[in-house]
Amino acid sequence: MLKESIFFVSTIFGVTAQSYAQNPKVEDIVAKVEARESPKNSKAEVLLTISKEGSKVEKVFKVLTLKESEEESYSLIEFIKPTATKFLVHSRKKGDDDRWLKTSSGQPKRISASAEDQSFSQSHFDYSDLQFAKESDFKHELVCVPKCEVDLNGAPHYKVKSVPKSAGKKYSYTINFIRVADFMPVKIEYYGKDGKVQKELIMEDLKDVKGFLTPMKITVKISGTNNFSTMTIQSVDVDRSDIKKQQFDKNVL
């Protein structure tokens with residue numbers, strides 16, 4: 001539910017904070033995160049930096065997003081460096097998402113839901129990191145030990161534990177850090193079946209883009225190593241008039 005996508009470049013947004021006289025209900029926190037406003041569409045250019053064992057690789061891609069309705073949205077990634085590869089996603093609030101991958105020399109190939117834990121473009125991001133996880137797929141619990149707010153980067157945050165309802169997932173659960181002031185997700189910890197943190201996803205450099213709070217830097221770090229991948233937003237615009245539904249048709253990839 002609280003995993004955020006890079007297609008989102010411009011779809012992670014804050015909402016008005018609410019004060020709680022008592023400990024908040026996790027359902028209220030989840031609802032506040034889910035209720036944040038988003039633009040109709042976005043266009044961005046992203047630098048993907050992959051650091052493994054001391055070596056570094058840089059890739060560049062363009063991103064288009066379109067919110068067709070509250071129930072369905074589209075995302076298109078097109079790599080412009082080093083190779084021409086396209087990745088198209090039709091996301092649905094209810095039902096399964098559709099994903100296609102097209103290389104410069106082949107036809108569009110459907111990516112199965114079972115591939116969500118595979119690496120995205122040889123980075124430390126999984127395909128599952130690049131989509132909105134459905135809230136209904138998880139059981140949520142507010143972590144209150146000893147209190148329900150923890151300090152992170154000098155500001156209070158809620159910690160929400162999200163456990164997938166279905167078996168066979170790569171991670172046993174995640175801990176989502178939600179900023180109390182505006183219900184902005186800023187960090188996710190992924191726990192393995194051994195109860196240890198396997199990786200972290202961190203959203204930084206928040207910027208106002210036409211009224212929408214947008215992370216300009218998203219990093220995945222692999223625990224216990226110096227390996228990480230970072231997506232840096234080099235340019236972004238939202239609510240454009242030139243982004244149309246036809247651009248997200250798999251037949252024109």
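Residues numbered from 1 in each chain as written. Predicted model: local features only at pLDDT ≥ 70, side-chain atom pairs only at ≥ 80, totals over all residues. Heavy atoms only, no water.

J.: Looking at this model, I keep getting lost on the overall build of the protein chain. Mind explaining?
T.: The helix and strand tally for the protein chain stands at 1 helix and 14 strands. Each of the 253 residues in the protein chain was classed as buried or not, and the buried ones make up 48%. About 12800 Å² of surface is accessible on the protein chain, with carbon and sulfur atoms providing 47% of the total. (Helix = DSSP H or I, 4+ residues; strand = E, 2+ residues; numbered from the N terminus. Buried < 20%, exposed > 50% of the residue type's maximum accessible area, 1.4 Å probe, protein only. Areas by Shrake-Rupley, 256 points an atom, 1.4 Å probe, with all protein chains shown as cover.)

J.: Explain the nonpolar core to me, please; I cannot follow it from the model alone.
T.: Note that soluble globular proteins tend to have their nonpolar side chains buried in a common cluster. If you look at the biggest cluster of nonpolar residues, it comprises 29 residues, and the most contacted ones within it are Phe 61, Phe 120, Phe 125, Leu 201 and Met 231. Secondary structure elements with two or more residues in this core: strand S1 (41-52), strand S2 (55-67), strand S3 (72-81), strand S4 (86-92), strand S11 (184-191), strand S12 (197-209), strand S13 (212-222) and strand S14 (228-238). Membership of the second largest hydrophobic core comes to 11 residues, among which are Val 26, Val 33, Cys 148 and Val 160. (Core = buried A, V, L, I, M, F, W, Y, C linked by side-chain atoms within 4.5 Å.)

J.: Any chance you could explain the side chain of Asn 176 here in plain terms?
T.: Structurally, the position occupied by Asn 176 is in strand S10 (residues 173-179). Looking at Asn 176, the relative accessible area reads 1%, which means it is buried.

J.: Any chance you could explain the environment of Glu 45 here in plain terms?
T.: As for its placement among the helices and strands, Glu 45 is situated in strand S1. Separated by 186 residues in the primary sequence, Glu 45 and Met 231 have C-alpha atoms spaced 10.0 Å apart. Once you skip the residues sitting within four places of it in the chain, Glu 45 turns out to touch Val 60, Phe 61, Lys 62, Ile 80, Thr 232, Ile 233, Gln 234 and Ser 235. (Contact = heavy atoms within 4.5 Å.)

J.: Explain the pairing of S11 here, please?
T.: Looking down a regular strand, the side chains alternate between one sheet face and the other. In terms of residue burial, S11 counts as a mostly covered element, since 8 of its 8 residues are buried. Where S10 meets S11, 7 bridges bridge the pair, whose relative direction is antiparallel. Pairing of Ile 175 across the sheet is with Glu 189, part of S11. Strand direction decides the pairing type here: S11 and S12, joined by 5 bridges, are antiparallel. Among the inter-strand pairings, Lys 187 is bridged to a residue of S12, identified as Ile 202. Remark: 5 residues form the turn of the hairpin made by S11 and S12, two consecutive strands paired antiparallel; Gly 195 in that turn has positive phi of roughly 80°. (Pairing = 2+ DSSP bridges.)

J.: So what exactly am I meant to see when it comes to helix H1 (residues 26-34) here?
T.: Residues that lie three or four places apart on an α-helix share one face, since the helix turns once every 3.6 residues. Residues of H1 that are buried: Val 26, Ile 29, Val 30 and Val 33. Projected onto a plane normal to the axis of H1, the buried residues spread over an arc of 95° and lie on a single side. Buried positions along H1 lie against strand S7 (138-142), strand S9 (155-164), S10 and S11. (Arc of directions from axis to C-beta.)

J.: Would you explain unusual backbone geometry in this entry?
T.: A negative phi holds for most residues other than glycine; trans holds for most peptide bonds. Following Lys 81, the chain continues into Pro 82 via a peptide bond in cis, with omega recorded as 5°. For Pro 82, the position within the fold is in the loop between S3 and S4. Cis rather than trans, the peptide bond between Val 145 and Pro 146 has omega equal to -5°. Along the polypeptide, Pro 146 turns up in the loop between S7 and strand S8 (150-152). One non-glycine residue, Phe 183, adopts positive backbone phi at about 60°. Here Phe 183 lies in the loop between S10 and S11. Overall, Phe 183 belongs to the buried group, its relative accessible area being 0%. Even without being glycine, Lys 210 reaches a positive phi, approximately 55°.

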